[in-house]
Amino acid sequence: MSTTDLSGQALTITDDTFAAEVLNQDLPVLVDFWAEWCPPCHMVAPTLEQIARERAGTLLIRKINNDEHPATGASYRVLSLPTLLLFRNGQVLHTIVGARPKARLLAELDDALAR
C-alpha cells in the first residue's frame, strides 16, 4: 500500500486511477462522487477542501466526476449525487448521500473511523 499525496488537497481521480488512489492507500480515503450539474455537489466541495487541509496526513480526499467516469460509480452502486464513500484498507467503511454541514460530516466520518 502507499500514500501518494499528503498535501491536504482533494485530488481528482478517474476510473483508471481509482485503485491506486483509493484502494491501495495506507490512510482512509473519502471519495466524493459528483457531477457538474449537481448543485449539492458544488455546496459540499469547499467543505471537502477544508477537511482535506485539516486532516492532511490522516485522511485523503478524492473526487471523481461520475458523469465522466461512470464505471467506478456503477461498481459501487452510486445512484445519487453527491455520494461520499469512506474507504479503509480498500473496503467501504461508510456511505454518505447528499450534502452535509461540515460539523455533521466530520462527526459522521469520525464515528465511522472509530469503529
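Above this text you will find the structure in question.
Here goes a summary of the coordinates provided.

Calculation rules
- Residues numbered from 1 in each chain as written.
- Predicted model: local features only at pLDDT ≥ 70, side-chain atom pairs only at ≥ 80, totals over all residues.
- Heavy atoms only, no water.
- Pairing = 2+ DSSP bridges.
- Helix = DSSP H or I, 4+ residues; strand = E, 2+ residues; numbered from the N terminus.
- Axes fitted to C-alpha atoms, helices over the stretch in contact; angles between N-to-C directions.
- Contact = heavy atoms within 4.5 Å.
- Core = buried A, V, L, I, M, F, W, Y, C linked by side-chain atoms within 4.5 Å.
- Buried < 20%, exposed > 50% of the residue type's maximum accessible area, 1.4 Å probe, protein only.
- Phe/Tyr/Trp six-rings, centres within 6.5 Å; stacked < 30°, edge-to-face > 60°.

1. Focus: the sheet that holds strand E4 (residues 83-88)
The strand order across the open sheet built from five strands is E1-E3-E2-E4-E5, with neighbouring strands paired in mixed fashion. With one partner strand each, in any of the chains shown, strand E1 (10-12) and strand E5 (91-97) form the two edges of the open sheet. Ignoring strand direction, the axes of neighbouring strands in this sheet form an average angle of 25 degrees. Relative to E5, E4 runs antiparallel, the two being bridged by six bridges. When the sheet's bridge partners are listed, Leu-85 is paired in E5 with Thr-95. Set on the sheet, helix H2 (residues 39-54) makes contact with E1, strand E2 (29-34), strand E3 (60-65) and E4; between it and E3 the angle comes to about 155 degrees. Contacts between helix H4 (residues 102-114) and the sheet are confined to E2, E4 and E5, with E5 contributing the most and set at about 160 degrees to the helix.

2. Some details on the nonpolar core
Generally speaking, nonpolar side chains in soluble globular proteins are found buried as a group. Within the largest apolar cluster, 17 residues are counted, with the highest numbers of intra-cluster contacts made by Phe-18, Val-22, Val-31, Phe-33, Leu-81 and Phe-87. Secondary structure elements with two or more residues in this core: helix H1 (18-23), E2, E3 and E4. No other element matches E2, which puts four residues into this core. Excluding anything up to four places from it in sequence, Leu-81 contacts Phe-33, Trp-34, Ala-35, Trp-37, Cys-38, Cys-41 and Asn-66. Among the nonpolar cores identified, the runner-up in size contains 15 residues, and Leu-59, Leu-105, Leu-106 and Ala-112 belong to it.

3. Concerning the packing of aromatic side chains
Throughout the structure, instances matching the rule amount to three aromatic pairs. Between Tyr-76 and Phe-87, the aromatic rings sit 5.3 Å apart at their centres with planes inclined by 90 degrees, giving edge-to-face as the arrangement. Of the two residues, Tyr-76 sits in the loop between helix H3 (70-75) and E4 while Phe-87 sits in strand E4, which places them 11 residues apart along the sequence. Of the residues examined, Tyr-76 reaches a relative accessible area of 28% and is grouped as partly exposed. Given the relative accessible area of 1%, Phe-87 is considered buried. Following the ring pairs from residue to residue traces out a cluster consisting of Phe-18, Tyr-76 and Phe-87.

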